[in-house]
Structures are given as structure tokens and as C-alpha cells.
Amino acid sequence: MSEAIEQMLDRARHLAATGESEQARGLYLDILRRDPVHFAALNELAILAYEGGHRSAARTLYELAVRSQPQNPFARVNLGNLLYEAGEADAAHTHFEAELALDGAWAEAHQGLARILADKGESEAADAHWRKSFRGQATTTRRYRGAPPGIPLLLLVSARGGNIPMLPFLDERVFAVTALYAEYYDPALPLPPHALLFNSIGDADLCGDALAKAQAIAARSNAPIVNPPERVQATGRADNARRLGTLKDVIAPQIRNFARRAPPDDLVFPLLLRAPGFHTGQHFMRVEQAKDLPSAIAALPGEELLAIEWRDTRGADGLFRKYRVMLIGSELYPLHLAISTDWKVHYFTTDMQHQPAWREEEQRFLDDMPGVLGPRVLAALERIAQDLGLDYAGVDFALAPDGALLLFEANATMVLAPPDPDPLWDYRRPAIARARDAAQRILLEKAR
């Protein structure tokens, strides 16, 4: 490496570490103009692209870095993680396996394989990889890029998934984050130093064991806590339907848990069938008649399933709508309105991009939530927030024909995902920014 490139690399790293991402990006690009296969510049520029939400650019850079140095573990594992998040588990598996063939002790590769195996239901094999990935207490640390000291934050997570996506509002220039995998917590070892405990385990249906361990961890800590695990434990879909459905102006379709080997014989059709612990419409289907139930059950993973009462939530125009409101602290924040011609409404699979009228309707909701929902639904949302008792949660719902709130789900796993960089979505950015700022405030207030 030439002395000039070495100096540029040191400067770029300093800028990246102190949060000056744009200036760092420019220096990394200057290095690559001089040396297009410079591994460190490719890998570190990819990290900046990923952190900035530019996943496609990050992928291209990681792939170039892997081709540049196939035996270097950093870019290969980073690429594997990105591919896994993109739903390309087989490609991710290839990179993790290749890395372990070079270094069988590489922790991040073991963790990547553990996630893939867990998704396939191979829990014993996944557990073996998780255990190989940890040395001592089951923790990982996130890069801190602010001026020292940062606020030390202990983040409780589940190895099985079901965690609150934290990156949108855990500012790495403010918080020095240590993540602890609750299932592998060793009570004989001390907890990492922390000024704030954040339980990010959000899926009560998937993470029962992790939440029980998280309660034991919280009992050992004197720090303030965000989202106490015992409150999250009460937010499973069936539990929520039974409890929240008793609140004034809240309609909650009935939900029944049942073992796949013994489905109830008194189910009413059509109904919705889903595997607990999955989101974004995954493993979720409508079953029209009793004769269709065996094949539907066979298509879903897991030993326990959820039968959900079917409610036709179409409006007078024949469209399905799903509102999402975040409950952060004691305030309500509109996050999005998804509109679809299909009953399974998920924002990223709707046709919002090609429907200007739908986007205009969403903008009215984001700009004037009280005017769109009305006092009755706002009061119902406040009752739900009070019942949940969480610092951070969200509610997905529709508006019933009589003006009540028709509940889909209410839990802590709601995502504050930034919209695509396309200017088409500029109208959504202020609402998401307000919710992110509120989440950041909650953390700072608790820590102080």
C-alpha cells in the first residue's frame, strides 16, 4: 500500500468512526479510483452504504471485496449477512460455510448458519452453532462511532429472531451497544456494564424462553429498562385478542391456538391460518372450507398454529386498508397506511407505488391522524397503549363499518423502516422521522 493511500485510509476510518459518513465515503471512493480492488476500502465503503440504507450498493461492494480477497473473512461474512436479510438464505449459507472452512472458529459465520438452520426448523443444529459462536457470556458489541464515553446500553435479543429492529434509532454516535442473547445467558457471569437495559425481544409467540431468561437478566440489573420482558410476554396474538377485545371500541377477531396434530372440529370457515412467530405475511393464509384445512396445515411450519376469525375489512370502495400507529412513551405516532386489493395487506407488497390516489390518502393520514381516525379510534388506541404498558410498540388495525377499531395485532416488533430513497416517498419521511426521534428520546430519558 502506498503511503498516500494509507494516509487516506486512516483519515477515512477516522471520519467514519466519528459519524462523518459523507466525507469518509468520498475518501474511500478516491482510494478505489487509485486501486479498484483495494479490499479495506471496498469492505468499509460497503459498511457505510449498508448503514445508510443502500443495500444494493453494499452488496456490489461486498461481492467485489470477496473476489478481491476470497480468503478474507470480513467481507464474506458481511455479504452473507446481507444476503440472509434479503431472503437469499442458500447464497448466504454458501458464504458462511466457506468462511468456516477457512476458520472454524469465526463467530459471525456460526451465528449466520445458526439463523439459517433455525429458520428451517433444525433447532438442534442451530443451537450447536450458536454455542460455538460465544465465548463466555453470550454477547456481541456494536461499533461505537461517537466521542467517548457513550451511553453503555445492554440490548437483550433472542437468537430465534422476533426482535425489535433497532438500527433505525439506536444512534451509534450516542449509544455504546452490547447485545446479549438471552437464551444463552450464563447467570454465573457478570452482566456487561450498562446504564440502560433495552429488551428488544418483541415476539411473545416465538420467544417465550428468551423472554423468561430476559426477566432473570432484568432482575439482576439496577439500570432503567425499556420494554420490560414480563409485559412483552403478555402480547401474544391469542392473548391480545382475548384481552384487548374487551376494551371499549376495540374489535378483536377471535384467535385460537391449536396443535397441528389435533385441529379443533368446530372451526368456522372461512378462517385465517398462520404459524406463530412469523411476520410480513409469511406463513399466513386464508382457508375457505373445512376440506382445505389438512393441506393448509401441511403447508405451514411449527407444531402449533393459530386459527383466526375471518373479518371482511374491505371499505365501501372494495379496498383493504391497514393502518399502523406507533405507541412510543405516552404518545401516538402515525407510521403508514397500506391499501390493497388483497386481504393480506403488507406495505411492501401492495401497489402503493403505482397508485397516486392511495398515496394521497396515506399522506392525509400521516398529516392529520386525528382528523382521519376521529376521537373514537384515537381513544381506543390510547386504551390499547395503556393496557400494553410498553415504552415502544405498534398497532396494526382497520376501521370497522361502525367506526370502531378492528385490531390486527399490537406488539413491540413493529419496524421503523426508512422509505426507499425515491422522491416518490418524501411525504412519508417526516412521520417516520418523528417516530424515530420519539424512540430516541425515550432511550435518552430512561438512561438519564
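Just so it is clear, the structure is predicted and the values come from calculations on it, not from any experiment. (Residues numbered from 1 in each chain as written. Predicted model: local features only at pLDDT ≥ 70, side-chain atom pairs only at ≥ 80, totals over all residues. Heavy atoms only, no water.)

(A) Structural view of the overall build of the protein. From N to C terminus, the protein includes 15 helices and 14 strands. What you see for the protein is a C-alpha radius of gyration of 23 Å, in line with the 22 Å of a compact globule of 448 residues. Projecting the C-alpha coordinates of the protein onto the three principal axes gives extents of approximately 70 × 45 × 45 Å. Relative to its full complement of 448 residues, the protein shows a buried share of 50%. For the protein, the accessible area works out to roughly 20,800 Å², and carbon and sulfur atoms hold 51% of it. The distance from the centre of the 49 positive side-chain charges to the centre of the 59 negative ones in the protein is 1 Å. (Helix = DSSP H or I, 4+ residues; strand = E, 2+ residues; numbered from the N terminus. Rg over C-alpha atoms; globule rule 2.2 N^0.38 Å. Buried < 20%, exposed > 50% of the residue type's maximum accessible area, 1.4 Å probe, protein only. Areas by Shrake-Rupley, 256 points an atom, 1.4 Å probe, with all protein chains shown as cover. Lys, Arg positive; Asp, Glu negative; His and termini not counted. Charge placed at Lys NZ, Arg CZ, Asp CG, Glu CD.)

(B) Structural detail: helix 7 (residues 107-119). In this model helix 7 runs 19 Å from its N-terminal to its C-terminal C-alpha over 13 residues, within 8% of the 18 Å that 1.5 Å per residue would give. Where helix 7 is concerned, the buried positions are Ala107, Ala109, His110, Gln111, Gly112, Leu113, Ala114, Ile116 and Leu117. Contacts from the buried residues of helix 7 go to helix 5 (73-85), helix 6 (89-102), helix 8 (123-133), strand 1 (139-141) and strand 3 (175-181). Backbone geometry just downstream of helix 7 places Gly121 in the positive-phi region, at approximately 85 degrees. (Expected span 1.5 Å × (residues − 1). Contact = heavy atoms within 4.5 Å.)

(C) Looking closely at unusual backbone geometry. Geometrically, the link from Phe269 to Pro270 is a cis peptide bond, its omega value of 0 degrees lying close to zero. A positive phi angle, near 60 degrees, is found at Asn227, a position not held by glycine. Here Asn227 lies in the loop between strand 5 (225-226) and helix 10 (229-232). The class for Asn227 is buried, based on a relative accessible area of 0%.

(D) Representation of the pairing of strand 8 (residues 271-274) in the model. Along strand 8, one buried face is formed by Leu271 and Leu273 and the opposite face, lined by Leu272 and Arg274, is buried too. Strand direction decides the pairing type here: strand 8 and strand 9 (residues 284-287), joined by 4 bridges, are antiparallel. Each residue of the ladder has a partner; that of Leu273, found in strand 9, is Met285. Across 4 bridges, strand 8 lies against strand 10 (residues 304-309) in antiparallel orientation. Note on strand 10: the bridge partner recorded for Arg274 is Leu306. (Pairing = 2+ DSSP bridges.)

(E) Structural view of the packing of helix 2 (residues 21-34) against helix 3 (residues 39-51). Packing of helix 2 against helix 3 brings their axes to within 10 Å, and their N-to-C directions diverge by 150 degrees. As judged from the angle between their axes, helix 2 and helix 3 are roughly antiparallel. Relative to helix 3, helix 2 is oriented so that their crossing is left-handed. Here helix 2 contributes Ser21, Ala24, Arg25, Tyr28, Leu29, Ile31 and Leu32 to the contact with helix 3, which in turn contributes Ala41, Leu42, Glu44, Leu45 and Leu48. Taken together, the residues of the contact of helix 2 with helix 3 break down into 9 nonpolar, 1 polar and 2 charged. (Axes fitted to C-alpha atoms, helices over the stretch in contact; angles between N-to-C directions. Parallel < 35°, antiparallel > 145°, perpendicular 65-115°, else oblique. Left-handed = near helix turned anticlockwise from the far one by under 90°. Nonpolar A, V, L, I, M, F, W, Y, C, P; charged D, E, K, R; others polar.)

(F) The arrangement of the pattern of salt bridges in detail. By the definition in use, this model includes 27 salt bridges. Among the salt bridges present, the one from Glu63 reaches Arg59, with a minimum N-O distance of 3.2 Å. Of this pair, Glu63 and Arg59 both sit in helix 4 (residues 55-68), 4 residues apart, roughly one helical turn. Among the residues examined, Glu63 registers a relative accessible area of 26% and is labelled partly exposed. A salt bridge links Glu409 to Arg237, with the shortest nitrogen-to-oxygen separation between them at 3.5 Å. (Salt bridge = Lys/Arg side-chain N within 4 Å of Asp/Glu carboxyl O.)

(G) Fine view of the packing of aromatic side chains. With the rule as written, the count across this model stands at 13 aromatic pairs. Ring geometry for Tyr323 and Phe397: centres 5.5 Å apart, planes at 15 degrees, overall stacked. Within this pair, whereas Tyr323 is found in strand 11 (residues 320-328), its partner Phe397 is found in strand 13 (residues 392-399), the two being separated by 74 residues in sequence. With relative accessibility at 5%, the residue Tyr323 sits in the buried group. Cluster of aromatic residues (ring-pair linked, three or more members): Trp130, Phe134, Tyr181 and Tyr184. One residue, Arg274, lies across the ring of Phe284, its end atom 4.0 Å from the ring centre. The ring centre of Trp310 lies 4.2 Å from the NZ or CZ of Arg286, which sits over that ring. (Phe/Tyr/Trp six-rings, centres within 6.5 Å; stacked < 30°, edge-to-face > 60°. Lys NZ or Arg CZ within 6 Å of the ring centre and 35° of its normal.)

Distances and angles like these do not, on their own, reveal function.
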